[in-house]
Structure formats: C-alpha cells, structure tokens
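# Structural overview for review
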Amino acid sequence: SPPSQSPYVRIRESQRKRERKVSWVASRPSANSVPCMKSTESDYEKGNLSIKYILSGDGAGSDFKIDENTGKIYSIKRLDREKRAFYTMRAQAIDKKTMQPVEPESEFIIKVQDINDNKPVFQNEPYITSIPEMCAPGTSVIQVTATDADDPSFGNGAKIIYSILKEQPYFSVEPKTGIIFTLSPDMDREIKDQYLVIIQAKDMAGQSGGFSVTTTVTINLSDINDNSPKFREKMYRFFSPEDAPVGAIIGRIMADDSDTGENAEVNYTIKELDSFDTFDVINDHKTQEGIIVLKRPLDFESKSRFHLRAEAINRYTDPKLDSSQLTDVTDVKITVGDVDEPPVFMTDFYLLNITENAPPGSVVGTVAAKDQDEDDSPIRYSINHWTNTKRIFKIDIYNGSITAVKPLDREAAFWHNITVSATEARNNPGQVSKVSVIIRVIDVNDNAPEFPKQYTPFVCETAKPGQLIQTISAADKDDPVNGHHFYYMLESGVNKNPNFTLKDNQDNTAGILTRRSGFSRQDQAYFYLPILITDSGEPALSSTNTLTIMVCDCYPDGICKSSGVEAFALSVGLSPAAFIVLLTCFILLLVTVFLLMALKLHKKMVRSKKWEDVTENVGRYDDEGGGEEDTNAFDVVTLRSHTARRERNSQKEKKAKIRMSIRQSLNIGPDDDVFREFILDRLYEADTDPCVPPYDCLHIYAFEGENSIAGSLSSLESLTSFSDKNKKHMSEEGPAPLPIAR
C-alpha cells in the first residue's frame, strides 16, 4: 500500500560525471544499469509473479527507467544537480494479463545529492581601485567576491576561502570575506604608483582536492601633497637695461614638484634683500613658472645690482601635514645695464613769476638739467617754438636762463606755458628731455577804474532835494592781492555843483542825489556830471567818467514817460531827434527795396508771357478731300463763339492732352474734343494778347486734294511720273499729317 506521504529517494552526482548512479539501500546494482536506493514493491506481488511495474512523472523514460519485473528504478543518463535537483515521480503495479492496476499509484521524490563539480567564479571583474599613498596600515582597499554553483547546504563544495598568491608586504586579504587591507604605510606614489595583487578563491574550504580560481586586483596610489617644490637652480642670474619699462619681464624661475595635479601647483614670492619694492613676481599656473617683472623704473647710476630671495610653496597644502616643510628658496641676482639716457631736469615742472610791464630782457628764471650717464655730457637748452609762437621768451642755450623779450600785460594773458627741451651736447644729441615751465605774470596797478556799463539815469521834473536818482559802481582790470576798493568824488571844480551831489557808500558804490528841485525839460534836458573814480593800488590810479542825466516828465509813481523811442535813443547814446531821423531813413530804404523787387518781378512775368513758345500739333487722318471744300469741316464762327468755350486749363495741360491723344490713336480728326479745345484757347489768346498784332481770321487746312488753292502739301508731287492710279495707294499709307496754322 502507498505511504502516507511521498518518500524521498536520494541519488548522488558522480564525481566523474560519467553516469548518475542511485542504488537501493538493500540491493546491488546490476551490470548494465544503476539501481535506485529503494525498489518499488507491491504487497500484491508476494506469491504472485504476474505483476508488472510502470514509471511515470518527471524524467520517466528520459532520465530514469524501472525494471517492470522487480520494480527497481535506474538512471538512464548522467544527472546534474545544478540543472535539476528534484524529480517527482509516480510508480504503479498492474496485472500483466489484464493490464489492470492491482494497487493505487505511488508517488515519490528523487533528490539529486550534490558533489563538488563546479569551480568558484569571481563576480564584477575587473577589480580596479585607488587608495591614497602613505595610508595607514589596516586601511580597507576593496572586497572581492567569488561564488560557487555547488550546494552550500551540503558538504564543503560551495565554501570558498580567499588568499594572496604572491606574498608581498603591502596588502593582505581576509580569507572568508575577501576584503583586502593595507599592511605597510610606506607606499610612496612617487616611487611606485600601481600594485597588482593576485587573489585566489578556493572551494572545499581551502582543502586539497577542491577547485580554485584567481583574479588580479589593480590598486592605484592617489597623490597626496607630501613633496615640497624644488628649484631647478640654486642661483638665478638675470640682466635688465635701465630703460626697461615698468611691467617688463626680467626673467623666469621654476620649481619642480614630484606630486601631481593641484598638489604640484606652486606659488612664488620674492623678497628683496638690498632694495624695496622694485620687482614683483607673477605666478603662471599653466607653466608653473614664476615671472619676475619690473615694478619700478631702474636707474643704473643709483643702483646697478639687485639681490633677491625667491620662495616656492605649494598652492594647496594638506592640513594634516606641516606646510612649512613644503617650501624651497633660491637666490636671484639682477644686473642693471647702463643705457645712454636723456638729461634729467631737477624738477618735474617749473613755476616762475614775472611782473607785468617788466622791461625787455628781464630774467624770468632758470631751468637746469643734468646728464646722469658716466660721461656727464654738457646740456643745451631750447624753447619749443609751438609753445612760444609770439616769441615772447627766449632761453640761454648754455645755462637755461629764461628772459622776457617783450613787455607782458597781465590783463591780456596772466599765464604763459612754455616747454623747454634739454639735449646732450655730445655723444647722442637725439636724447631729449622736456619740461613744462609755467610763467605767472604778477599784476601791477596799471589800469584806472571806470564805469562797468553805460548808465542812463534820469531826474523827474518833480524831484525833490536829496532824492537818489542813480547808484553807480566801478570796475578795474587789475587784480590786487587784497581786492579792489574804489573812491568816488565829483571832479575838481564841480564840488559845488548846484544840481547834484555824490555820496560814497564805502562799499565800492556811490549814490547820485539831487541838490535842488524844480528841474525843467524846457530849460535844460540833459545834465553832464563828471565823476572821479580812484582805486587803492600803488600808485593809485583814477579816471573821470561822465554821467549823462536826462530830465523827464514822470508819472506820479516816478516812472519816466519818455520810455519809448526817446528812452531807447538815449540808451544807445543818441538824441531822440537823431534816432527818429535814422529810423525814418531806414523805413524809406526798405520801402524802396520792396518796390524795386515788385517791379522786377512784374517785368519778368510779362516777358515770360510774351515769349511763350508756340507748339505745333500734328494730327493724322485717313481720307483725302477736295481741297478748299474741306474747309467746311470747321466753322470759323463756331471757333470764335464764346459760348463754345470751355473752362480754360493751363497751357501745359492742353499740350500734354494733345500729345497723348496723338500717341494713343492714329484716327484723330478735326472733330476731336481735345483738338477743338486747343484751337479755341489759341484763338482766345490771339484776340486778347496786347503784345502781338491782332489776327483777322484763322485758316485751317484740315484736308488736301486736287482743287486745293494751297496746292498739295504732300511730298509726292515731286514725282513727275505720278499718275492717278497711284493715288489709290494713299489710303494704304496711313493717316496724313494735319498742319495747323494760326
């Protein structure tokens, strides 16, 4: 009878992998087949030899077979656990005669037992990693992993042990996990930057007889900043001429660093041991050079040699390392070459003073320059002509003394700017230096004060004594140091002026006051008051200025009524009568000019109308008539009728219409509207034009023919052999021209 559950039957893989073999527990294998561990035996079989066994399920007939007489199950071919580890099968006993089952079907499972027949396999190859150089022992590098397809739950076929094949002092591997660690801190990238470590993975827990594989782990050392820069030379020597411009490159220094990347970038600094701030260094990060440049001008005569100390230090430093140990220094010596230089003036510019009106030949000042070269050449001086175009100054070519050739007037120009050149007398006359010389003209009191403008004071006829009529001031072209102070008084001899008096306000102004009342225009229209103005200069200068006071008929509010033409005339210094005469002459002149222009324009228009050109218009028609009989084509009365006239257009428009009609049609005739309009307009012009003799009639020759009294206008009459039969061709010649006469 079948068991309560499906039994398991174990079968092992052959280590040779030739044939899968299962054996019954209590049986022996036959010579041709491999028996299973257990036979299938029916309870009914006991004492009955007519039983037959059949096998079905996974692998029946392909992987396994059954002995139908004994019920033993045999494997047909080699089994591979890695491909299939379990087989579920069914067996049944039937009667050989009736082929009927004698018992219910029995189910069982065959489990393939594993043997070590697979090699380990490394995953995720290739193994490449990187660690910092000089890292501490025990630093984890990388983990390698190998897998085995054998059954890890049975035996040691899938148990893998890792080891390093080539012994070396820098790395180790953890046998079970495959993690690689460092052993030594002395791995220097600058000596060796890559290590190849061979790792072996072996199954059977590393025992003999197991399978093994190897892989290569590439370990690269990354750089750390553990090396200081080193100058290529312990002493650098450079040369520079003294006329090198500021910013010129003096030389290049360079330090090498065996590190890589940003750890090898170097910054340079310089320290001048015997000078101050004459040179500078620029870091060129592309070439890793230090460029020494000139920061201040050189002067061979003052200093011809320089000693510098250059230092190289890493641009980026590791905080864990002592940065003071990662530097290097070198000496730099710079020799300055002598160059023939132009003379040098003692100052950058000169400021000289001279008083105005100084006599010609007065010395303004002296400029001085020196040749600082070793030969100390004599200097020659000159004034650039474009700064001394008026030849006011000259200079002594030997000693640089500047003198004034002409008198100077401060009021005309109180500053003079000239340029003085200094050249070497020998060796190199082309070496020229220039300096600006500013000459200031010192003021002297040589101008008397005067009125700043033309005053136009007036006094009303109703003015009372002591009334202020004008406040005056003064102007002086001079420029005293302490400013102007003017004194006012009436000119000597008129201090007892009966009409006006003057009051000095002590603020450079003065007031004109009336002394009496009762002014009258009828008695005297103008008063002339001379005023003496004196300045405070040394010596003091004075001038007499006359003030013209007009007597006015004023409004009650004190405004002069003669504020129109008369006031304007007085403001320009003319009497009202003289101003009116001048204004009248000017108006008459303008009227005369306008009349002449109008007359000239009228004559031009008349002349243009008189000489208007006469345009001949030619018409074409296709038929010929009988001479004078064709004059009936036009009625002269109609031509002279005013009712038939149309609105007159411009002559140019009519001519344009005629020409356009001729171009557009070859059949224009005397009945054409445009043609008729043109004739009417010409007739009207002939009748109304006063510049030409009148015309009594208008002859129109619209057609020609045999009876025409005017004869033929055609050139065909010149042919003596012309016959009437040839006239029939005239209709084929197209329209004949139509002459029109007035």
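Analysis parameters
- Residues numbered from 1 in each chain as written.
- Predicted model: local features only at pLDDT ≥ 70, side-chain atom pairs only at ≥ 80, totals over all residues.
- Heavy atoms only, no water.
- Salt bridge = Lys/Arg side-chain N within 4 Å of Asp/Glu carboxyl O.
- Helix = DSSP H or I, 4+ residues; strand = E, 2+ residues; numbered from the N terminus.
- UniProt positions renumbered as here; feature names shortened; annotations may be inferred.
- Expected span 1.5 Å × (residues − 1).
- Buried < 20%, exposed > 50% of the residue type's maximum accessible area, 1.4 Å probe, protein only.
- pLDDT = per-residue confidence, 0-100.
- Contact = heavy atoms within 4.5 Å.
- Core = buried A, V, L, I, M, F, W, Y, C linked by side-chain atoms within 4.5 Å.
- Disulfide = S-S within 2.5 Å.
- Phe/Tyr/Trp six-rings, centres within 6.5 Å; stacked < 30°, edge-to-face > 60°.
- Lys NZ or Arg CZ within 6 Å of the ring centre and 35° of its normal.

Okay, the pattern of salt bridges next. Oppositely charged side chains are able to pair whenever their charged atoms sit close together. Scanning all chains against the criterion turns up 15 salt bridges. A salt bridge links E105 to R90, with the shortest nitrogen-to-oxygen separation between them at 3.7 Å. Taken as a pair, E105 in the loop between β6 (86–95) and β7 (106–113) and R90 in strand β6 lie far apart in primary sequence, 15 residues in all.

A word on the UniProt feature "transmembrane region" (unreviewed entry) in the protein. Per the UniProt record, "transmembrane region" (unreviewed entry) is annotated on residues 577–599. Secondary structure across residues 577–599 divides into 100% helix and 0% strand, with the first and last C-alpha atoms of the span separated by 33 Å.

The end-to-end C-alpha distance of helix α5 (residues 673–688) is 23 Å, a good match for the 22 Å that 16 residues give at a rise of 1.5 Å each. Along α5, the residues classified as buried are F675, E677, F678, I679, L680, D681, R682, L683, E685 and A686.

Low-confidence regions, as indicated by low pLDDT, have predicted coordinates that should not be scrutinised in detail. Summarising the model, the protein shows a mean pLDDT of 78, and 74% of its residues fall at 70 or more. Taken together, the stretch residues 613–621 has pLDDT below 50 and engages in 32 contacts with residues farther than four places along the chain or on a different chain.

Nonpolar side chains tend toward joint burial in soluble globular proteins. Core analysis: the biggest nonpolar cluster contains 24 residues, and F345, V367, Y381, F393, I402, V420 and V437 have the highest contact counts within it. Breaking this core down by element, the ones donating at least two residues are β26 (349–355), β29 (379–383), β30 (393–395), β31 (401–404), β32 (415–424) and β33 (432–442). When residues in this core are grouped by element, the largest group, 4 residues, is from β33. Not counting chain neighbours up to four residues away, the residues in contact with V420 comprise F345, V367, Y381, S382, I383, I395, I402, S433, K434, V435 and V437.

A separate point is the state of the cysteines. The final tally for this structure, using the stated rule, is 2 disulfides. Covalently, C460 is tied to C554 through a disulfide, its sulfur atoms 2.0 Å apart. On the sign convention where negative means left-handed, the S-S torsion of about -90 degrees between C460 and C554 marks this disulfide as left-handed. Note that C460 is positioned in strand β34 (residues 458–460) and C554 in the loop between β40 (542–552) and α1 (565–571), a separation of 94 residues in sequence. Exposure remark for C460: the relative accessible area of 8% places this residue in the buried category. With a sulfur-sulfur separation of 2.3 Å, C552 is cross-linked through a disulfide to C560. What sets the handedness of the C552 and C560 disulfide is the S-S torsion sign, and at about -85 degrees it is left-handed. Assigning the bonded cysteines of the protein consecutive numbers by sequence position, one obtains the connectivity 1-3, 2-4.

A few words on the packing of aromatic side chains. Note on aromatic pairs: each is described by the distance of the centres and the angle between the planes. In the structure shown here, the tally under the stated rule is 13 aromatic pairs. On the numbers, 5.6 Å between centres and 75 degrees between planes, the contact of F500 with F527 is edge-to-face. Here F500, found in strand β37 (residues 500–504), pairs with F527, found in strand β39 (residues 526–534); they are 27 residues apart in sequence, far enough to count as distant. Of the two residues, F500 and F527, both sit in the buried class. Ring pairs connect the aromatic residues F231, Y236, F238 and Y268, which therefore count as one cluster. Taking NZ or CZ as reference, K303 lies 5.3 Å from the ring centre of F306, over its face. Between R516 and the ring centre of F519, over which it is positioned, the NZ or CZ distance is 4.2 Å.

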